[in-house]
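If you want the building blocks of each chain, they are given just below.
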Amino acid sequence: MYKFKCPHCGIKLGNFLYADACPYCHEELKHNTRPLITVFKPDSQKSKAWPIYLFSRLVRFVES
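We now turn to the structure provided with this report. These numbers were taken from a predicted model, which means no experiment stands behind them.

The rules we used
- Residues numbered from 1 in each chain as written.
- Predicted model: local features only at pLDDT ≥ 70, side-chain atom pairs only at ≥ 80, totals over all residues.
- Heavy atoms only, no water.
- Helix = DSSP H or I, 4+ residues; strand = E, 2+ residues; numbered from the N terminus.
- Expected span 1.5 Å × (residues − 1).
- Buried < 20%, exposed > 50% of the residue type's maximum accessible area, 1.4 Å probe, protein only.
- Patch = residues over 30% accessible without salt bridge, like charges linked within 9 Å, V, L, I, M, F, W, Y side chains within 5 Å.
- Areas by Shrake-Rupley, 256 points an atom, 1.4 Å probe, with all protein chains shown as cover.
- Salt bridge = Lys/Arg side-chain N within 4 Å of Asp/Glu carboxyl O.
- Disulfide = S-S within 2.5 Å.

### Notes on helix α2 (residues 50-63)
Inference 1: With 14 residues, α2 ought to run about 20 Å at 1.5 Å a step, and its terminal C-alpha atoms sit 20 Å apart, in line with that.
Inference 2: The buried count for α2 comes to 0 of 14 residues, which makes it a mostly uncovered element.

Laid out in C-alpha cells, this is it:
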C-alpha cells in the first residue's frame, strides 16, 4: 500500500509517507494516488425493479 522510500530517488519519505508526490524529486508516487477499491457505479440505463415490485404488491393486496 504505502512504501517507505521513493521509488524514483530512494529517499525515505518519513513524514511524507502519504504524499501524492515525492518532496525531493517531485515525481508522482503512483502507489499513493491510485484508488485501492474500485467504486461500483450503477448502470443508469438499467431498468429499475422497484416499480414492478410495488405493482405486484398492490395486485396481491387488491386480490386478497
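Right, picking up where we left off after that structure.
### What about a nonpolar patch on the surface?
Inference 1: On the surface, I11, F16 and Y24 cluster together into a nonpolar patch covering about 300 Å² of accessible area.
Inference 2: You can see Y24 is positioned in the segment before α1 (30-33).
Inference 3: Since its relative accessible area comes to 52%, Y24 is described here as exposed.

### Things to note about the state of the cysteines
Inference 1: Under the definition given, this model contains 0 disulfides.
Inference 2: Note on C25: no disulfide assigned, nearest cysteine sulfur contributed by C22 at a separation of 3.7 Å.
Inference 3: A relative accessible area of 27% places C25 in the partly exposed class.

### As for unusual backbone geometry
Inference 1: You will see that H26, though not glycine, has its phi angle at about 60°, which is positive.
Inference 2: Note on placement: H26 falls in the segment before α1.

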